[in-house]
Structures are given as C-alpha cells and as structure tokens.
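Observations on the three-dimensional arrangement
The primary structure of each chain is shown beneath.
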Amino acid sequence: MSVKVGILLSGRGSNMMALVEAARDYDIALVASDKPDAAGIAWARERGLATFTQSPKGIPKAEYEAAIHAALVEAGVEIIALAGYMRLLSEAFVARWAGRIINIHPSLLPKYKGLDTHARAIEAGDAVAGCSVHIVTEELDGGEVLGQAEVPIVPGDTPDSLAARVLEAEHRLYPHVLAEFVRR
Ligand code: GRF
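Residues numbered from 1 in each chain as written. Predicted model: local features only at pLDDT ≥ 70, side-chain atom pairs only at ≥ 80, totals over all residues. Heavy atoms only, no water.

Across its full length, the protein chain carries six helices and seven strands. Secondary structure elements in the protein chain, listed N-terminal to C-terminal, are β-α-β-α-β-α-β-α-β-α-β-β-α. For the protein chain, the spread of C-alpha atoms along the three principal axes comes to 50 × 35 × 30 Å. Classification of the 184 residues of the protein chain by burial places 47% in the buried group. Of the contacts made within the protein chain by residues no fewer than 6 positions apart, 60% connect residues no fewer than 24 positions apart. For the protein chain, the exposed surface amounts to about 9100 Å²; the carbon and sulfur share of it is 53%. A gap of 2 Å separates the mean positions of the 18 positive and 24 negative side-chain charges of the protein chain. (Helix = DSSP H or I, 4+ residues; strand = E, 2+ residues; numbered from the N terminus. Buried < 20%, exposed > 50% of the residue type's maximum accessible area, 1.4 Å probe, protein only. Contact = heavy atoms within 4.5 Å. Areas by Shrake-Rupley, 256 points an atom, 1.4 Å probe, with all protein chains shown as cover. Lys, Arg positive; Asp, Glu negative; His and termini not counted. Charge placed at Lys NZ, Arg CZ, Asp CG, Glu CD.)

Right, here's the structure in full:
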C-alpha cells in the first residue's frame, strides 16, 4: 500500500503541485495550510484533494498545532512534506512526528539557512546555487539532507531570476526525494 503524505503550505504551492503531479509511490492524503486563502489550497480543492485550513490567528500555538495534528492523523498521514510552509513548528510538534517531516529549502544547505537565500548567494559571489530536501528537526533548516540540486548563478542574476531557476530545480528534486524517502 502506498504511503500517505500530508503537505503543509502557506502560499502558491508550486512544490505541492509538483508532488501531486508525480504521486505514484505515495498518496497525497491531505493538503493543509495556515492560510485559508492560500492559492495552493484552492488548486488542491479543484483537484479534488482533501484539504484542511486552520488560521493561527487569535489562538495559542499549541491549540493551532493540535488542530493541524488531528487533521493529519484523521487523514491517515504517515509523512509530512513541508512545501513553502512559513511557520516554525514547535519542538513538541516536531517530536510527535520525529523523522517523518521533510522540507524543501532554496539553498545548498548547510549554506544559507533561513530567509533571503538567493540574495545572500548572489551577494557572496557564489557560482552555484540550488535547493535541498532535508529532514525537519527542532533546529531551523538543520536536519539530515536527503537530496540536493544545483543551478548556476549567471552574470546579471537578481534574487528573482535566480529564485525562478532554483524553483524549477525544486520541482524536479522534491518528488524524486520524497519517492525515495517513502521507500526507506
Ligand atoms: C520555495 O522556494 C521553497 O523552497 C520554500 O518556499 C517556496 C515555496 O514555493 N521553502 P511554493 O509555494 O512551493 O511555490
């Protein structure tokens, strides 16, 4: 039986779309978001996927995360794939799903953890940039790296032009790494 994956996102969801389009070795059991109006949620709904949204506004973080956790469990989710999910998960949440949450980050980790990765890579004069899929631990962008893809940084690149090139690499890398991860 196929492993059930839950995807958490906050925005446009292009990585989620890539994971959905490539789903063969895994099933997308739930697409969940902290942003009820996220474009990715509308897309998932149109595709007939199960979705869940819970705004964290006005409720304690533990309550917000308990709602997400319950929805994931109810959907039978075994592995969580973060795809542009812009909130830090608490230590308690990560501990509950220890070793079963993965994330895609737009840099060649361990370089450029956190935000503004493309601007930092250009600023540093790097010749290559890229993306990494890693296991989520309590340390931000710090868990075991499962796979990476490189792209060149070319003269005249801006953070936006580089982000677009890296994003294409993300869409190829993430489904491939997730398929390998569910097999282990
Ligand atoms: C991607 O750049 C990803 O690396 C980062 O957030 C962005 C999400 O984009 N974690 P999308 O919502 O998947 O289009």
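Don't stop here, the text continues.
Let's shift gears to the packing of aromatic side chains. Evaluated as defined, the whole model comprises one aromatic pair. Cation over ring: R87 sits above Y64, and NZ or CZ is 5.8 Å from the ring centre. (Phe/Tyr/Trp six-rings, centres within 6.5 Å; stacked < 30°, edge-to-face > 60°. Lys NZ or Arg CZ within 6 Å of the ring centre and 35° of its normal.)

Right, let's get into the side chain of S33. Examined against the element boundaries, S33 turns out to sit in strand β2 (residues 26-33). Residue classification places S33 among the buried residues on the basis of a relative accessible area of 0%.

What follows concerns the site of the ligand. Around the ligand, the neighbouring residues are R12, G13, S14, N15, G84, I104, P106 and E170. Between the ligand and G13, the relevant distance is 2.9 Å, taken from an oxygen atom to a main-chain nitrogen or oxygen of the residue. Measuring from an oxygen atom of the ligand, one finds a side-chain N or O atom of S14 at 2.5 Å. Structurally, the ligand is housed in the largest pocket. (Near = heavy atom within 4 Å. Polar contact = N/O pair within 3.5 Å; in protein donor to acceptor, adjacent residues only side chain to side chain. 1 Å grid on protein atoms, 1.4 Å probe; cavity = no way out; pocket = protein on both sides within 12 Å on 5 of 7 lines; lining within 4 Å. Sits in = over half its atoms within 2 Å of the grid points.)

What follows covers the environment of K35. Mapped onto the fold, K35 is located in the loop between β2 and α2 (39-46). Residues K35 and H171 lie 136 residues apart in sequence; the distance between their C-alpha atoms is 22 Å.

Spatially, seven strands are ordered β3-β2-β1-β4-β5-β6-β7 in an open sheet, and the strand pairing comes out mixed. The two strands at the open ends of the sheet, each matched to only one other strand, are β3 (51-53) and β7 (145-152). The sheet shows a mean angle of 20° between the axes of neighbouring strands, taken without regard to direction. Its contacts with the sheet place helix α3 (residues 61-74) against β1 (3-9), β2, β3 and β4 (79-82), and it is angled at close to 170° to β3. (Pairing = 2+ DSSP bridges. Axes fitted to C-alpha atoms, helices over the stretch in contact; angles between N-to-C directions.)

What follows deals with the environment of Q54. With respect to the helices and strands, the residue Q54 is situated in the loop between β3 and α3. Separated by eleven residues in sequence, Q54 and E65 have C-alpha atoms that sit 8.9 Å apart. Once you skip the residues sitting within four places of it in the chain, Q54 turns out to touch S33, D34, I59, Y64, A67 and I68.

Turning our eyes to something else, we now look at empty space enclosed by the protein. For the structure shown, the criterion picks out one cavity of 30 Å³ or more. In this model, the largest cavity occupies a volume close to 60 Å³. Lining the largest cavity, in full, are P106, S107, L108, K111, Y112, T117, A121, D126, V128, A129 and G130. Counting residues per element, the ones that place at least two in the lining of the largest cavity are α5 (117-123) and β6 (128-135). Partitioned by chemical class, the residues of the lining of the largest cavity number six nonpolar, three polar and two charged. (Points joined across faces, edges and corners; volume = space filled by probe spheres on them. Nonpolar A, V, L, I, M, F, W, Y, C, P; charged D, E, K, R; others polar.)

Our focus in this paragraph is the packing of helix α1 (residues 14-21) against α2. Look at α1 against α2: their axes get within 9 Å of each other, and the N-to-C directions meet at 25°. Of the possible angle classes, the one that applies to α1 and α2 is roughly parallel. Of α2, the residues touching α1 (which contributes M16, M17, V20 and E21) are G40, W43 and A44. Considering only residue class, the contact of α1 with α2 consists of five nonpolar, one polar and one charged. (Parallel < 35°, antiparallel > 145°, perpendicular 65-115°, else oblique.)

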